Amino acid sequence: MTSEVKRKLCQGIAAFLRHECLNGQHSEDIIESLEVARQCIESAFDVSGDSKPEVDLLALVGKQTTFRPTVRQVTSEEKAKAEVFKTQGNSFVSSEKFHEALECYNKAIALDPYNAIYYCNRAAANHRLLKFSEAISDCEKALEIDPAYSKAYSRMGNTYCSMGNYSKSVEAYRKAVALDPNNENFKQNLEIAEAKVKENQQPSTSPNLGGLDLGSLLSNPVMQNMAQRLINDPHMQTTVSSMMQNLLGGGNAPAAPTANSEHTGTGPSIPAMDDLLRYGQQFAQQMQEANPDLVNSLRQQMQNLGGGQQPNGGEPRPPNP
């Protein structure tokens, strides 16, 4: 460090100490200490804090300490590998293998975390896996990288629809349409979401069971998706088959039947309410053991529906990534 640089630095420090002594924010003891420090610096380096400093230390330090996220340089090789994983993920989505797709998108993002498309595609996989919070976060990350990415807003609207938050979905679709006004899919989804908002404001005519809108429950696409997954689950197929055999007398009878379940006829026994309740509890327990994630998602959706968050009808289907 040259003597001239040192002089400018010390002059700036002395000027800063003088400013602190005069701003009225410190006690007399602190002001006295600051004044002693200023005099020592001025004497040692032959500078004066009374004159205007040539370097504004506060402004200089403020600029250098402003938070700037570290951006890692992505090599061309990493970008190429990331594209391969993205393509594989898209193929898995087309085959409805969403867990595998999610893994591919995770690998693509690990290689190139600054590509908005990867986050948007992962949002689609999370959506189909009923991980709605993760899907929204992915859309937000994609928009943080590329604020003009219309598909990220559209996908966010799709997710809010599945969550039953049609007001939020309308906001997202409007932003998507504003960015891409010629996209017919965006405009159609916006119209559907706006219609759902209006429907949600009208009193429901569907059967209501203890505050639960049965029409919403049966027509909700998320519930339909869950039902399809249950049907395709081998564990659930085995459980249901076993239950039906027991209920109709074609399988092993329960170890401890209730008195109400006795049957004196020659045909298959008709279970009483106690038996039905017991079989129902067994079925729920086996569902929980076989697929806890699905059961938790089902429980959450039932809570949402019971709270009146889901309007009647379905929602716009998410576009392919």
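Since the model is a prediction, treat every value here as computed from it, not as a measurement.

## Here's the deal with the overall build of the protein
Helix and strand content of the protein: 15 helices and two strands. In the protein, once contacts between residues fewer than 6 apart in sequence are set aside, the share between residues at least 24 apart is 62%. Split by element, the accessible area of the protein, about 19,400 Å² in all, is 53% carbon and sulfur.

## Quick notes on the pattern of salt bridges
Scanning all chains against the criterion turns up nine salt bridges. The salt bridge involving lysine 141 is made with glutamate 144; its shortest N-O contact spans 3.6 Å. Of this pair, lysine 141 and glutamate 144 both sit in helix α7 (residues 132-145), three residues apart, which is roughly one turn of that helix. Classification of lysine 141 as partly exposed rests on a relative accessible area of 30%. Owing to a relative accessible area of 59%, glutamate 144 belongs among the exposed residues under this scheme. Between glutamate 199 and lysine 196 there is a salt bridge whose closest N-O contact spans 3.8 Å. Highlighted residues: glutamate 199 and lysine 196, both in helix α10 (residues 184-200), separated by three residues, approximately one helical turn. Judged by its relative accessible area of 35%, glutamate 199 is partly exposed. What emerges from the salt-bridge pattern is a single network uniting Glu35, Arg38 and Glu42.

## Brief notes about the packing of helix α4 (residues 76-94) against helix α5 (residues 98-111)
Direction vectors running N to C along α4 and α5 enclose 165 degrees, while the axes themselves pass 8 Å from each other. Judged on the interaxial angle alone, α5 and α4 are roughly antiparallel. Handedness of the α4/α5 crossing: left-handed. Between α4 and α5, the contacting residues are Glu78, Lys81, Ala82, Phe85, Lys86, Gln88, Gly89, Asn90, Phe92 and Val93 on the first element and Phe98, Glu100, Ala101, Cys104, Tyr105, Lys107, Ala108 and Leu111 on the second. When its residues are assigned to classes, the contact of α4 with α5 shows 10 nonpolar, three polar and five charged.

## Examining the environment of alanine 152
Note on placement: alanine 152 falls in helix α8 (residues 150-163). Residue classification places alanine 152 among the buried residues on the basis of a relative accessible area of 0%. Along the backbone, alanine 152 and alanine 176 are 24 residues apart, and their C-alpha atoms lie at a distance of 7.8 Å. Ignoring sequence-local partners within four residues, the contact set of alanine 152 consists of Cys120, Cys139, Ala142 and Leu143.

## So, the packing of α5 against helix α6 (residues 116-128)
Running from N to C, α5 and α6 point in directions that differ by 155 degrees, and their axes come no closer than 9 Å. Taken together, α5 and α6 sit at an angle that is classed as roughly antiparallel. When you trace α5 past α6, the crossing you get is left-handed. Within the contact between the two elements, α5 uses Phe98, Ala101, Leu102, Tyr105, Asn106, Ala108 and Ile109 and α6 uses Tyr118, Tyr119, Asn121, Arg122, Ala125, Asn126 and Arg128. Class assignment of the residues belonging to the contact of α5 with α6 gives a composition of nine nonpolar, three polar and two charged.

## A closer look at the UniProt feature "repeat: TPR" (unreviewed entry) in the protein
Taken from the UniProt record, the annotation "repeat: TPR" (unreviewed entry) applies to residues 82-115 and 150-183. Between the end C-alpha atoms of residues 82-115 there is a gap of 9 Å, over a span that is 79% helix and 0% strand. The distance from the first to the last C-alpha atom of residues 150-183 is 10 Å, and the span holds 82% helix and 0% strand.

The rules behind these values
Residues numbered from 1 in each chain as written. Predicted model: local features only at pLDDT ≥ 70, side-chain atom pairs only at ≥ 80, totals over all residues. Heavy atoms only, no water. Helix = DSSP H or I, 4+ residues; strand = E, 2+ residues; numbered from the N terminus. Contact = heavy atoms within 4.5 Å. Areas by Shrake-Rupley, 256 points an atom, 1.4 Å probe, with all protein chains shown as cover. Salt bridge = Lys/Arg side-chain N within 4 Å of Asp/Glu carboxyl O. Buried < 20%, exposed > 50% of the residue type's maximum accessible area, 1.4 Å probe, protein only. Axes fitted to C-alpha atoms, helices over the stretch in contact; angles between N-to-C directions. Parallel < 35°, antiparallel > 145°, perpendicular 65-115°, else oblique. Left-handed = near helix turned anticlockwise from the far one by under 90°. Nonpolar A, V, L, I, M, F, W, Y, C, P; charged D, E, K, R; others polar. UniProt positions renumbered as here; feature names shortened; annotations may be inferred.

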